[in-house]
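What follows is the residue order along each chain.
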Amino acid sequence: MENLFRLVDYEDMPSKRCIWVNGPVIVGAGPSGLATAACLKQQGVPFMVLERAECIASLWQKRTYDRLKLHLPKQFCQLPNLPFPQDFPEYPTKKQFIDYLESYARRFEISPRFNERVQSARYDETSGLWRVKTVAARNEFEYICRWLVVATGENAECVMPEIEGLGDFKGDVIHACEYKSGESFKGEKVLVVGCGNSGMELSLDLCNHSASPSIVLRSSVHVLPREVFGKSTFELAVLMMQWLPVWIVDKILLVLARLVLGNIERFGLKRPSEGPLELKNTKGKTPVLDIGTLEKIRSGDIKVVPGIKRFANGCVEFVNGERQDVDAVVLATGYRSNVPSWLQEGEFFSKNGFPKSPFPNGWKGNAGLYAVGFTRRGLSGASSDAMKIAQDIGQVWKLETKQKKHRTTACHRRCISQF
């Protein structure tokens, strides 16, 4: 019996393995991680991709609503070395984008190690190597590598606001990442907290499913038409910025927005004092590209309400003293980086989980540390970072391969595997 207990205790102990990676470790198998892996493949550099979920692009596959489409034209959203299929529309659907990412992974033979959550990553100055510890089921792994690519992105964790009385609210309270369709909210009064692109689009979806949404606007927001006279607003801005300073482009965009959308401030949508591009560059706040929500606000089908003071007795009280009955709450309050929770480093990344150096210099740190997907410039910014990272690592890799240098590496415990 004593031996049996010993056997059970031994089997319950998690197994630990130490693995040498002959190339960089990429943390995250979203678009940023996939783009970096594909670019490294083009450079002939081996790599390993670690992903906490059981699929690539888990944000897109598991935490987005059904009606989602890319907000920008597809040519600004494609990853390096593989354009979107020609038969895709200008604004691909969620399903089409996921299909594109899966074909991208197949094309470049990217096979992440799924269901492995990174617990910590630190640089070992003694050996000059990175040590990345992960947990998968009951197994623990430590990966040893020369280069570490942080590709967990800007949207790794949900932001849950602290609002007085929300915990005692009897109705449904969900984050936007749990929202799929307005079908389940039919006939209900729904408060949407957050006035970004997600909040605006969820309000439109709720309205189209016969719900009565109200959207909370605490301060101010830039709303621009997605297209101006048949041309993408984003594409127009990119073209103008080749010749004009940002402040002039901002003024032109606001004039065009006034011509197309009219005066939106009379509907409670106050504009910030900074221009839309200036605000994006300095604070990372993306302007809303209208896809029909404004029309519903004009008609009164979607109400714009001020900031929330508290929830009490089944209703919400706003900062202006008004009260409103609410059946459900959708928190479109965004996401944040989770890098500080696992990366043991303080020089390259700041406490908010973003590189300290602003774009375009936030892709490379010291001692083989890289970041991709933190530019606040969407998929095009991630693609730009991925190409720079692959070229930088590729130069070193090719030089050492050409010179046929053999590197001996130190590893604590027992490095029983090689990748």
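Here is what the cut-offs are and how they apply
Residues numbered from 1 in each chain as written. Predicted model: local features only at pLDDT ≥ 70, side-chain atom pairs only at ≥ 80, totals over all residues. Heavy atoms only, no water. Phe/Tyr/Trp six-rings, centres within 6.5 Å; stacked < 30°, edge-to-face > 60°. Lys NZ or Arg CZ within 6 Å of the ring centre and 35° of its normal. Core = buried A, V, L, I, M, F, W, Y, C linked by side-chain atoms within 4.5 Å. Buried < 20%, exposed > 50% of the residue type's maximum accessible area, 1.4 Å probe, protein only. Helix = DSSP H or I, 4+ residues; strand = E, 2+ residues; numbered from the N terminus. Contact = heavy atoms within 4.5 Å. Pairing = 2+ DSSP bridges. Axes fitted to C-alpha atoms, helices over the stretch in contact; angles between N-to-C directions. Salt bridge = Lys/Arg side-chain N within 4 Å of Asp/Glu carboxyl O. Arc of directions from axis to C-beta.

Colleague: Would you explain the packing of aromatic side chains in this entry?
Modeller: Aromatic rings considered in pairs are described by the distance between their centres and by the relative angle of their planes. As enumerated under the stated definition, the model contains 17 aromatic pairs in all. Members of the aromatic cluster, connected to one another through ring pairs, are Trp60, Phe84, Phe88, Phe97, Tyr100, Tyr104 and Phe108. Note that arginine 226 overlies the ring of tyrosine 91, its terminal NZ or CZ placed 3.8 Å from the centroid. The ring of phenylalanine 354 has arginine 376 sitting right over it, with the charged end atom 4.0 Å from the ring centre.

Colleague: Help me out: how do you make sense of the nonpolar core in this one?
Modeller: Side chains of a nonpolar character, in soluble globular proteins, are inclined to be buried together. Among the nonpolar cores identified, the biggest contains 69 residues, and Tyr100, Tyr104, Ile110, Phe185 and Leu269 are the most heavily contacted of them. Every element with two or more residues in this core is listed here: helix H2 (31-43), helix H4 (94-107), strand E10 (189-193), helix H5 (197-208), helix H9 (293-299), strand E20 (328-331) and helix H10 (378-403). Discounting residues that sit within four places of it in the chain, isoleucine 110 has contacts with Leu34, Ala37, Ala38, Phe47, Val49 and Ala105. Counting 25 residues, the second largest nonpolar core, distinct from the first, contains Val25, Val118, Leu148 and Val339.

Colleague: Mind showing me how you'd approach the sheet that holds strand E9 (residues 172-175) here?
Modeller: Hydrogen bonds between backbone atoms are what pair the strands of a sheet, whose relative direction is either parallel or antiparallel. Taken together, the five strands give an open sheet; going across it, the order is E9-E20-E10-E11-E16, and neighbouring strands pair in parallel fashion. Taken across any chain shown, the strands that pair with only one partner, and hence form the sheet edges, are E9 and strand E16 (303-305). Going across the sheet, the axis of each strand differs from the next one's by a mean of 20°, ignoring polarity. Bridge count for E10 against strand E11 (residues 212-216) is five bridges, and the pairing is parallel. The residue of E11 that forms the bridge with valine 193 is valine 216. Sheet strands touched by H5: E10, E11 and E20. Its angle to E11, the strand with the most contacts, is close to 165°.

Colleague: Please clarify how the pattern of salt bridges should be interpreted in this entry.
Modeller: Once their charged atoms are close, side chains differing in charge can pair, the charge on each being opposite to the other. By the definition in use, this model includes 14 salt bridges. A salt bridge links arginine 131 to aspartate 124, with the shortest nitrogen-to-oxygen separation between them at 2.8 Å. Across this residue pair, the class does not change: arginine 131 and aspartate 124 are buried. We note a salt bridge from glutamate 235 to lysine 231, for which the minimum N-O separation is 3.7 Å. Residue classification places glutamate 235 among the buried residues on the basis of a relative accessible area of 17%. Classification of lysine 231 by relative accessible area gives partly exposed; the value is 36%. Three or more residues are tied together by salt bridges with common partners; here these are Lys309, Arg310, Glu317 and Arg323.

Colleague: Sorry, what's going on with the sheet that holds strand E17 (residues 308-312) here?
Modeller: The strand order across the open sheet formed by three strands is E17-E18-E19, and the pairing between neighbours is antiparallel. Edge positions in the sheet fall to E17 and strand E19 (323-325), since each has one partner strand and no second. Going across the sheet, the axis of each strand differs from the next one's by a mean of 25°, ignoring polarity. With four bridges joining them, E17 and strand E18 (residues 315-318) adopt antiparallel strand pairing. From the neighbouring strand, phenylalanine 311 faces E18, where its bridge partner is valine 316.

Colleague: Honestly, helix H8 (residues 276-283) in this entry has me stumped. Any pointers?
Modeller: What sets the pattern is the α-helix's 3.6 residues per turn: residues three or four places apart point alike. Every buried residue of H8 is listed here: Pro276, Leu277, Leu279 and Lys280. The buried residues of H8 occupy an angular sector of 165° when projected down its axis, which confines them to one face. Against the buried residues of H8 lie strand E12 (223-225), helix H6 (233-241) and helix H7 (246-261). Glycine 284 sits one or two positions beyond H8 and adopts a positive phi of about 75°.

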